Structure formats: C-alpha cells, structure tokens
Amino acid sequence: MARGGRLLGAMAAVAGVLLLAGCGDPASPVRQPERAPAGDPRSPYTIAWGQCARGPLGLDPGVECGSMTLPVDWADPDGERFTTTVYRKKAAGPSRGTFLNFPGGPGSTADTGFDAIAEFAPGYDLIGIDPRGVSGDGLLLCDLRETLRLPLVPPAEESPFAGFAATSARFAASCSTRPASLQAHLDAYSNARDADAFRSALGIDRVGVYGFSYGSLLGARYAELFGSRVTATVLEGVLNPQQSAIEFETVAARGTQEIFDAFADWCSAEEECAPLGNDAAGALRRAIGNVEGGRIPGMSSSGRPWEPAAVVQVVEGAIGSGDYVAGVALLASISDEEPGGFDEGATEDDAPTLWFFPDRIVCSDFDLRISSAEDMRALLAQTGAVAPDVQVAPESMGYLSTCATGIAPSPGAGAPFAPTTDRPILLLSNRLDPSTPREWADQVADRLGSKAQHIVADLIGHGGALGEPDVLAAVSAYVDAATG
C-alpha cells in the first residue's frame, strides 16, 4: 500500500535474522492442482487476447495481454459492464500449476508481481487481472486541482474543518469512471469475483494466490470467497480490514514512530549524523517549526503546500527505506535556521485537469470517514499519544484526508478476514514498514490462529523480504508443501 499508487522497491536489510510467528503445519500435503484446458467453454465471460497499450518499456518478455468485459455489480450480472486488462505468463517448461497475482498500490497493474512469484514459485504459470479503476474503460480519474487542495491532515478546528468538508465534497464529485456506476464497486470483494471469472475463463481448477501490499487485501478476499479454488496463499505487506478510522491511523502512526525511533537511535551514536547534532528528534522539531513559521517555500513532495505532516512524509521517504544518510541530509536541509534549496514548485495553473488517482479506491474498502472537527481532534490526540515525535503516519493520514467527509465504503468492507482454504495462509512482513506496519499483520495472524503462519523479515522498508535467502527458502517450502 503506497500513497498515490506508487510502490516502494526492495529495501535495505538491517540484519539477516528471520523471525517466525503464528502456527500451522506446512508439511501437511494437499492434492496437486488440476491442469485444465486453456479455456473453459462453460464460462460466460471470454478473454480477448491481443496487444495492450503500455508505456515505453512495454510488457516484460513472455507476458501475454488481453481484455475481459465483466459486470459492474456482481449482484446484477446482466447489468452494466466494464472492460479491464488481464495478463498471463506461461512457465518456460512443464507447468507445476498456476499462481494468481493481486498487485499492490492501489494502482499497480496485475503483471506487477510476476517476478516476485517466480522467485518463490518457479515453474508456475502466472496470471493476473487489473483491479477495478486501474485500466481499461474503468480507469479512475479525478480533478488534479481538487486533489491537491486536500491537505495531508484534515483540520481539527470547526471553521477550517467546514472548509475542508466542502473541498472534500468537490474532490469526490470530480472523480469519474466509465460507467459512472463502477465507482460504487471498486472494493476488494468485487475484485476477487473478477479474478475468479478470469480463472474460470482460463479453465483452471485451482490456483495459488499472491497479494502484495494493497493486493494482500484482494488476495485475502479471494481466499475467503473462493477458498476451495486455492492451494497456497502468500500475502506480503498485509492490511487488516477490520479497523475503524482511529484504529487504522493509530496503528500506522505507531509504526511510523518506530521507524523514526530506530533512525534516532542510530543518529545519536553515529558520526554521519553530526549535521543534526546527533539529535534527530530535535532536528525534526526545528523542521516542523520552519514549516509553521512559513520559512520553507514551494510545494512538498506530495504537490501540496508544506505542512508539518509533509516534513514527516519526506523524512520517512528516506529513513523508511533504511537510507539513514539520505535522511540526515534531507532533515538537515529543512531544519536549518535558513532552509534553502527548495523549488518554488508547480502551481495549479500548471496542473492537468484530470489524472489517475487510485488512492480513492481505499475509500471502498475502509471506513475512514470523519464527521466533525471534534472527531478529528480525538483522532489526533490518540495518534499523538502513540507517536510523540512524528504525530501521524502521513501515508495513512493522506488516505483519511481523501475519504474523510462522505465517501462510504462498500457493504461488508470492514468484515474480518475469514479464509475458507484448506491450508494455512502465509503472511509476510518486514520488521519496520512505512506503508503496511507489521502490527496489521500481527492482528490478522492473531485472529486466524492456526490458520496462519507469519514470517517477519528483519528489514526496514516496504517489500523486499523475498530478497532475503532465509525468507525465500521458507516461502518456497510453504508453497511446495501446499501444492505438492
């Protein structure tokens, strides 16, 4: 899960220790997935394989691309339709089965993640269907000017909050899909049903499932609705759907504070942190003071005017990937008495009218609505209590700002994850993750008990755990046991 649909790459390791949590016996075999014909004539949905428009790099070698037209509302399969993109990459040799990929973001295309699956499950065919709002005629577009008028953190005073509510309403009204009714059906359950229609159209009986970041939620819902079709389930960078807005933000803020604490501990003892006086917390306070005093010009990395949370956002962008030296340089530049080197930034006049804004999809799966300034004050009191230096988690708070004043989630969105598979689910986390804090996966693992295994890599960052040999071996062993 990464703000603006951008996924962070593999992150630097802090140590090579692999932590294991949860339970479940990965050695218990289940039957080998059946190999079905290339297409199932019984499926009411067909695939049109052909060329797909992509950027200058195009598709990876061996990836086939096509399209499917599916119901907007699966409760009304004869109603309105939309078209989305599908992908397939066949195994180089005899296939061991099929893995279904759910990409992160939200906003990534469904071939993103094929390389990761090939690492822990070599020899499998790989398939994926773009999530709703990501491609085809259902692309989710919003007015960029209205988007950039949303602050990272909604105001907590009465009059500013009323203005924010009006801005939020204009933003929501500016978003569109084709057909318009698709906006009410961007949720994970609908995406899971799309994926099963794709599986059925291919004539595949059973699949392994991989979901990364936001895709972990889609993969979890697939394992819930279609567990009898699933062999192995690997969910990396796990989201917990069973959270209120306050819980969502509080857990994320605690995770961001833990990332900053690790940086501050390093800073206090390392010569490379001398530009901050070996005091990261003090430097952060000075940088926030510069913002509050109007001494940092231009726009922050989010394209919005600077605000305190934007300072945390840009610092976390460096230290949240383990690049502490870059974090020192950045924090030194914005905590100086006379901060400089900042571009004045683009203005609204420079902005295109519409842009792809998949962050809006989060509102379909999480109830992040805030009804008043009083509620916002209560939320900030809780995040501030668990995160005394950073105060908030900018990425998660940005999602709340997008959804806060009226975009309701889809029915059932907050239901706990309840897989119906005959194998334990494998959850994969990093020790410190700026986008999907480990605590979310801990909560899911605790709820599932013996139905889950939880592997925690001793890494800082979002993703990259499969680059650790011990983690890769453990995930591969799980897949082999589940599908062998």
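In short, a report on the structure. Numbers given to residues run from 1 along each chain, matching the order in which its sequence is written. Restriction of local features to residues with pLDDT of at least 70 applies here, the model being predicted, together with a cutoff of 80 or more for giving and counting side-chain atom pairs; totals for whole chains, interfaces and linings are based on all residues. To obtain the side-chain values, all non-hydrogen atoms of the structure were used and water was disregarded.

## Things to note about the overall build of the protein chain
How we decide: A run of H or I in DSSP becomes a helix once it reaches four residues, and a run of E becomes a strand once it reaches two; helices and strands are each numbered from the N terminus. The buried label goes to any residue with under 20% of its type's maximum accessible area, the exposed label to any with over 50%, and the partly exposed label to all in between, with areas taken from a 1.4 Å probe on protein chains only. Surface accessibility in these figures is a Shrake-Rupley result with a 1.4 Å probe; residues are shielded only by whichever protein chains are displayed.
Scanning the protein chain for helices and strands turns up 13 helices and 12 strands. By the burial criterion, 55% of the 484 residues in the protein chain qualify as buried. About 18,600 Å² of surface is accessible on the protein chain, with carbon and sulfur atoms providing 53% of the total.

## Looking at the pairing of strand E9 (residues 230-236)
Threshold: Paired strands are those between which DSSP finds at least two bridges. If you view a crossover with the strands going away from you and the path from the first strand over the helix to the second runs clockwise, you call it right-handed.
Within E9, seven of the seven residues are buried, which leaves the element mostly enclosed by the surrounding structure. Direction of pairing for strand E8 (residues 207-212) relative to E9: parallel, over a ladder of five bridges. Each bridged residue has a counterpart across the sheet, and for Val207 the counterpart in E9 is Val230. Handedness of the crossover is the feature at issue here: the chain leaves E8, passes through helix H5 (residues 214-225), returns alongside E9, and the resulting connection is right-handed. Direction of pairing for E9 relative to strand E11 (residues 425-432): parallel, over a ladder of three bridges. Residue Glu236 lies in a different strand from E11, and its bridge partner there is Leu428.

## What to know about the state of the cysteines
Quick reminder of the rule: To count as a disulfide, a pair of cysteine sulfur atoms needs to be within 2.5 Å.
One pass over the structure, following the stated rule, counts three disulfides. For Cys142, the disulfide goes to Cys175, at an S-S distance of 2.1 Å. On the S-S bond that ties Cys142 to Cys175, the torsion sits near 110°, and the link is right-handed. In this pair, Cys142 is assigned in strand E7 (residues 141-143) and Cys175 in the loop between helix H3 (158-174) and helix H4 (188-202), connecting sequence segments 33 residues apart.

## Quick word on the nonpolar core
Our working rule: Here, the term nonpolar core denotes a set of buried Ala, Val, Leu, Ile, Met, Phe, Trp, Tyr and Cys residues that are joined through side-chain atoms within 4.5 Å. Any two residues whose heavy atoms approach within 4.5 Å at even a single point are treated as in contact.
With 98 residues, the main nonpolar core has Tyr214, Tyr222, Phe260, Phe263, Val311 and Leu331 as its most contacted residues. If one sorts the elements of this core by residue count, helix H6 (residues 245-269) sits on top with 11 residues. Not counting the four nearest positions on each side in its chain, Phe260 is found in contact with Ala280, Ala281, Leu284, Ile319, Asp389 and Val390. Counting residues in each nonpolar core, the second largest holds 28 residues, with Leu459, Leu466, Val471 and Val475 among its members.

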